[in-house]
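Here's the letter readout for the chains.
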Amino acid sequence: AATACNVMVRRELVEAWDPFGRALQRHLATVTLPAACSKAESLLFWSNLEPKCPLTLPMDFFFRAKDQMPLLERRALEICHRRGGQVLDIGGGAGSHALELAHLGLAVKAVDACRDAVEVMRKRGVHARQCSLWELPDISEFDTVLLLMNTVGVVGSALSLQAFLARLYAVTSPRCCVLF
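Just so it is clear, the model here is predicted, and its values are computed rather than measured.

Thresholds applied
- Residues numbered from 1 in each chain as written.
- Predicted model: local features only at pLDDT ≥ 70, side-chain atom pairs only at ≥ 80, totals over all residues.
- Heavy atoms only, no water.
- Axes fitted to C-alpha atoms, helices over the stretch in contact; angles between N-to-C directions.
- Helix = DSSP H or I, 4+ residues; strand = E, 2+ residues; numbered from the N terminus.
- Parallel < 35°, antiparallel > 145°, perpendicular 65-115°, else oblique.
- Left-handed = near helix turned anticlockwise from the far one by under 90°.
- Contact = heavy atoms within 4.5 Å.
- Nonpolar A, V, L, I, M, F, W, Y, C, P; charged D, E, K, R; others polar.
- Buried < 20%, exposed > 50% of the residue type's maximum accessible area, 1.4 Å probe, protein only.
- Core = buried A, V, L, I, M, F, W, Y, C linked by side-chain atoms within 4.5 Å.
- 1 Å grid on protein atoms, 1.4 Å probe; cavity = no way out; pocket = protein on both sides within 12 Å on 5 of 7 lines; lining within 4 Å.
- Points joined across faces, edges and corners; volume = space filled by probe spheres on them.

Participant: Any chance you could explain the packing of helix H2 (residues 71-83) against helix H3 (residues 96-103) here in plain terms?
Facilitator: The geometry of a pair of packed helices is captured by two quantities: the angle between their axes and the separation between those axes. With their axes 10 Å apart at the nearest point, H2 and H3 run at an angle of 40° to one another. Our classification of the angle between H2 and H3 gives oblique. Where H2 crosses over H3, the handedness of that crossing is right-handed. Contacts between H2 and H3 involve Glu73, Leu77 and Cys80 from the first element and His97, Glu100 and Leu101 from the second. When its residues are assigned to classes, the contact of H2 with H3 shows three nonpolar, one polar and two charged.

Encoded structure:
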């Protein structure tokens, strides 16, 4: 189909996280190869809290250093550091939390349902793999599990959250601390 300005519109079905992953990939290319993109993009983020008013988030929001993170996220990283051991970051996105924990000397791995996000994390040096939070394998080796930013929100409802936390309880060890 042609639009008013005679540009072909490509229509295809994509995974829900594909636009996010593509935006992460483009931003990483911008940061590492400035000639690849002249202007950093922003991402529209819809939330149940304000469904008619999406937030506009600059992509560098997902590539933050610890001092740029909100207090709650910094506190979660401090708890991980104090607990020590191995950390799993579920919904790792661009890998900023995992990278900060690795800089603190922790053994950290990340998972994300988005293929492109996993690729971005790997390019940034994070040990990451693609995995849905509903299909976590046995993760009993981890001392702490992180679910920061909107990760818990993707379960969709309070009832789904209860089911997810029950699933998480089944695949973690009794010593594991879950931070969300």
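Participant: What exactly am I supposed to notice about the environment of Asp18 here?
Facilitator: Relative to the helices and strands, Asp18 resides in helix H1 (residues 18-32). Assessed through its relative accessible area of 11%, Asp18 is described here as buried. When the C-alpha positions of Asp18 and Ala113 are compared, they lie 9.7 Å apart, and in sequence the two are 95 residues distant.

Participant: How should I be thinking about the nonpolar core in this particular structure?
Facilitator: Of all hydrophobic cores here, the largest spans 20 residues; its most connected members are Cys80, Val87, Leu101, Val126, Leu146 and Leu179. Among the elements of the structure, H2, H3, strand E4 (107-112), helix H4 (115-123) and strand E7 (177-179) are those that each provide at least two residues to this core. Here this core takes four residues from H2, the largest share from any one element. Membership of the second largest hydrophobic core comes to 16 residues, among which are Leu147, Val152, Leu168 and Val171.

Participant: Sorry, what's going on with the layout of surface pockets here?
Facilitator: Picture a little ball the size of a water molecule; that probe, rolled over the atoms, points out where space is still empty. Reported here for the largest pocket is a volume of approximately 1000 Å³. Lining the largest pocket we find 40 residues, and of these Trp17, Phe45, Asn150, Thr151 and Val154 sit closest to its centre. When residues of the lining of the largest pocket are assigned to their parent elements, the largest contribution, three residues, is made by strand E1 (residues 42-45). A class-by-class count of the residues in the lining of the largest pocket yields 23 nonpolar, 13 polar and four charged. The wall of the second largest pocket is formed by 13 residues, among which Lys109, Val111, Arg129, Pro137 and Phe142 lie closest to the centre. Taken together, the elements giving at least two residues each to the lining of the second largest pocket come down to E4 and strand E5 (127-130). Here the lining of the second largest pocket is composed, by residue class, of eight nonpolar, one polar and four charged.

Honestly, it's all geometry; don't read function into it.
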